[in-house]
Amino acid sequence: MLVAISFVVARQSSWQWATDVVLQQLGAGLLAAAEENGGIVCRREADTFQVYCPHREDYESFAEEVTAAASEGLKGRIRTRIGVYSRVDKSIDMERRFDLAKSAADNIRNSFSVAVAVYDNALHEKEVYAERLLDDFQEALTQKQFTVFFQPKYDIRPEAPVLSGAEALVRWKHPELGMISPGVFIPLFENNGLIRDLDNYVWREAAAQIRRWKDTLGHAVPVSVNVSRIDMLDPELTETLRNLVKENRLEYGDLHLEITES
């Protein structure tokens, strides 16, 4: 199994001291629990530990035991996340087994009511699906499988609502998998660095649509586009946006930038 922890400790004289104490106590607690069950423990990195031991059924009590050990003598909240790969396929190497356990632990990163996750068929299928989306991404861009929709924004202060702009929303219509929710592919692309290519695609589509509206309607409809944290690290970001405006003969006020919540 793989154990990762997150914690909030009440103010101590030294934050580094508190962090070290938590890690030391967690390591000691894991070692005691593992040895009791014929297992071994190592620290993988930072706040992540690996435990190799015979399969058991009471992982919840194991989590409670090591959390109590890590919390001893501290004022604060200690949370452990445990990922378990129990149905071991001995044809894969040890590192990969722990990677699967880590996938299970990562799956409950934002769930504060669940402490233990087991790598199972459902999680395996989710990973296979994610890999398929990553593999198909570049071809999807080339074939324009991503469609940008424009959600209208209205100013409701006048007596009659007035169209004040639009927000660009991207959707993926995969030729084999059908419509894919942005709630699935956007976090995936953010985590793998592909979101910058997708954002650039959306910006180009939005800028071209603003130009078409100007040509047909005689005035601009400003469009808001997302800018991800990955984009913010791009030293060429400013120049990219300037070129978009110039190439489509727009005003800077035609394109509104929204920094995404993540």
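Because the structure is predicted, anything quoted here is derived from the model rather than measured.

## Concerning the overall build of the protein
From N to C terminus, the protein includes 8 helices and 10 strands. A sequence separation of at least 24 residues applies to 63% of the contacts in the protein between residues at least 6 apart. Roughly 15,500 Å² of accessible area belongs to the protein as shown, and the carbon and sulfur atoms make up 51% of that amount.

## Concerning a nonpolar patch on the surface
A grouping of Ile40, Tyr52 and Met94 is seen on the molecular surface, where their side chains present a nonpolar patch of about 290 Å² in accessible area. Structurally, isoleucine 40 can be placed in strand β2 (residues 40-45). Using a relative accessible area of 58% as the deciding quantity, one classes isoleucine 40 as exposed.

## With respect to the packing of aromatic side chains
Each aromatic ring pair is summarised here by two numbers: the centre-to-centre distance and the angle between the ring planes. All chains considered together, the criterion is met by 11 aromatic pairs. Members of the aromatic cluster, each reached through a chain of ring pairs, are Phe137, Phe146, Trp172, Phe185, Phe189 and Tyr201.

## A look at the environment of alanine 206
Mapping alanine 206 onto the fold places it in helix α6 (residues 195-217). It is 8.5 Å that separates the C-alpha atoms of alanine 206 and phenylalanine 150, two residues lying 56 residues apart in sequence.

## Things to note about the pairing of strand β6 (residues 146-155)
Strand residues, when the strand is regular, have side chains that alternate between the two faces of the sheet. Pairing geometry for β6 and strand β7 (residues 162-174), over 10 bridges, is antiparallel. Bridge assignment links lysine 153 to a residue of β7, and that residue is glycine 165.

## Some words on the confidence of the model for the protein
Any region with low pLDDT has predicted coordinates that should not be read closely. The predicted model of the protein has a mean per-residue pLDDT of 84, with 90% of residues at 70 or higher. For the protein, per-element mean pLDDT is lowest for strand β1 (residues 2-9), which scores 43, and highest for helix α8 (residues 237-247), which scores 96. Confidence drops under pLDDT 50 across residues 2-15; counting only partners more than four residues distant or on other chains, this segment forms 52 contacts.

## Let's talk about the nonpolar core
With 35 residues, the main nonpolar core has Phe146, Trp172, Phe185, Phe189, Leu198 and Val223 as its most contacted residues. Here this core takes 9 residues from α6, the largest share from any one element. Grouped together as the second largest cluster of nonpolar side chains are 15 residues, Ala33, Phe49, Phe62 and Ala63 included.

## What about the pattern of salt bridges?
Pairs can form between side chains of opposite charge once their charged atoms are near each other. What the rule picks out here adds up to 10 salt bridges. A salt bridge links arginine 132 to aspartate 136, with the shortest nitrogen-to-oxygen separation between them at 2.7 Å. With arginine 132 and aspartate 136 both in helix α4 (residues 121-142) and 4 residues apart, this pair spans about one turn of that helix. The class for arginine 132 is partly exposed, based on a relative accessible area of 28%. The exposure class of aspartate 136 is buried, given its relative accessible area of 15%. Close ionic contact of lysine 153 with glutamate 258 constitutes a salt bridge, the shortest N to O distance being 3.7 Å. Placement of the pair is lysine 153 in strand β6 and glutamate 258 in strand β10 (residues 255-259), with a sequence separation of 105 residues.

## Topic: the packing of α6 against α8
Close contact between α6 and α8 brings their axes to 10 Å; oriented N to C, the two are set at 25 degrees. By the angle class used here, α6 and α8 are roughly parallel. As for how α6 packs across α8, the hand of that crossing is right-handed. Taken together, the residues of α8 that come into contact with α6 (itself represented by Asn200, Trp203, Arg204 and Ala207) are Leu237, Thr240, Leu241 and Leu244. When its residues are assigned to classes, the contact of α6 with α8 shows 5 nonpolar, 2 polar and 1 charged.

## Observations regarding the side chain of asparagine 248
As for its placement among the helices and strands, asparagine 248 is situated in the loop between α8 and β10. The contacts of asparagine 248, once residues within four sequence positions are left out, are Ala207, Ala208 and Arg211.

## What about α8?
For α8, every residue scored as buried is listed here: Leu237, Leu241, Leu244 and Val245. Along the long axis of α8, the arc covered by the buried residues comes to 95 degrees, so they all point the same way. Away from its buried face by more than 90 degrees, α8 exposes Lys246 and Glu247. Where α8 is buried, its residues touch α6, β9 (223-227), α7 (229-232) and β10. Immediately beyond the C-terminal end of α8, within one or two residues, lies arginine 249, with a positive phi of roughly 55 degrees.

Quick notes on the rules
- Residues numbered from 1 in each chain as written.
- Predicted model: local features only at pLDDT ≥ 70, side-chain atom pairs only at ≥ 80, totals over all residues.
- Heavy atoms only, no water.
- Helix = DSSP H or I, 4+ residues; strand = E, 2+ residues; numbered from the N terminus.
- Contact = heavy atoms within 4.5 Å.
- Areas by Shrake-Rupley, 256 points an atom, 1.4 Å probe, with all protein chains shown as cover.
- Patch = residues over 30% accessible without salt bridge, like charges linked within 9 Å, V, L, I, M, F, W, Y side chains within 5 Å.
- Salt bridge = Lys/Arg side-chain N within 4 Å of Asp/Glu carboxyl O.
- Buried < 20%, exposed > 50% of the residue type's maximum accessible area, 1.4 Å probe, protein only.
- Phe/Tyr/Trp six-rings, centres within 6.5 Å; stacked < 30°, edge-to-face > 60°.
- Pairing = 2+ DSSP bridges.
- pLDDT = per-residue confidence, 0-100.
- Core = buried A, V, L, I, M, F, W, Y, C linked by side-chain atoms within 4.5 Å.
- Axes fitted to C-alpha atoms, helices over the stretch in contact; angles between N-to-C directions.
- Parallel < 35°, antiparallel > 145°, perpendicular 65-115°, else oblique.
- Left-handed = near helix turned anticlockwise from the far one by under 90°.
- Nonpolar A, V, L, I, M, F, W, Y, C, P; charged D, E, K, R; others polar.
- Arc of directions from axis to C-beta.

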